[in-house]
Amino acid sequence: LEALATGQDVWPEPNEVPGSYLSGVFPAAGQDAWLAVELEDAADWDTAATLLGAPHLTLAPSTQPSTQAVAKLKEVIAAWAQTLTPAQAARQLQAAGLAAAPVQEIPDLFAEGGLWSHNGLAELRIPNTEITTWVVAPFQHLQSPRPHVRGPSPPPGHHNHEILRDWLSQ
């Protein structure tokens, strides 16, 4: 939207959280598998450096990491993450009190126990077939009206008559 609004070229931003000592998304073991990590402060930084076998990167009291130190710790995290699946790496970092999570794709959502246990999925029947499928249910928790999945999207061409009639009548 920014490019359309301003006419200026827009380039992708890195996976960084402003104000954090370090944040990023790192490749992990597996095909197209990724781990998201954020070190919010000096305590997180030192915990990560020690946990990942790089105690020489811990910070002196009341200091911010230099650009070179951030790059070095990112290298350490990247090398370590590639030896584990995203879930394994995230569990180890979380156990140490650090903010980390596997980057999930759609199939991962269906393996997530929390979605199943909290009715986060809805079963739909595909029109004109006997096929059913599961979709992620609305996440909003409203008193009234309660959000729900009414049905699947219409099949291609289902509304062609109405759309063409409206377009051609203009």
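Our subject is the structure that appears above.
Residues numbered from 1 in each chain as written. Predicted model: local features only at pLDDT ≥ 70, side-chain atom pairs only at ≥ 80, totals over all residues. Heavy atoms only, no water.

A. Seen up close, the pattern of salt bridges. Tallying each qualifying case throughout the model produces two salt bridges. Arg165 is paired through a salt bridge with Asp166; the nearest N and O atoms lie 3.4 Å apart. Residue classification places Asp166 among the partly exposed residues on the basis of a relative accessible area of 38%. (Salt bridge = Lys/Arg side-chain N within 4 Å of Asp/Glu carboxyl O. Buried < 20%, exposed > 50% of the residue type's maximum accessible area, 1.4 Å probe, protein only.)

B. Geometry of helix 4 (residues 86-95). Looking at helix 4, one finds that the buried residues are Pro86, Ala89, Ala90 and Leu93. Viewed along the axis of helix 4, the buried residues span an arc of 100°, placing them on a single side of the element. For helix 4, exposure combined with an orientation more than 90 degrees from the buried face picks out Arg91 and Ala95. The elements touched by buried residues of helix 4 are strand 2 (34-39), helix 2 (42-51), helix 3 (67-81) and strand 3 (99-102). Gly97, located one to two residues past helix 4, shows a positive phi value of around 90°. (Helix = DSSP H or I, 4+ residues; strand = E, 2+ residues; numbered from the N terminus. Arc of directions from axis to C-beta. Contact = heavy atoms within 4.5 Å.)

C. Region of the structure containing the sheet that holds strand 3. Across the sheet, which stays open at both edges, the three strands sit in the order 1-2-3 with antiparallel pairing between neighbours. Each end of this open sheet is capped by a strand with a single partner; those strands are strand 1 (22-27) and strand 3. Sheet twist, expressed as the average angle between the axes of neighbouring strands with direction ignored, equals 10°. As defined by bridge partners, strand 1 adjoins strand 2 across six bridges and the pair is classed as antiparallel. Paired with Gly24 across the bridge in strand 2 is Val37. Across the face of the sheet, helix 3 comes into contact with strand 1 and strand 2 while running at roughly 35° to strand 1. (Pairing = 2+ DSSP bridges. Axes fitted to C-alpha atoms, helices over the stretch in contact; angles between N-to-C directions.)

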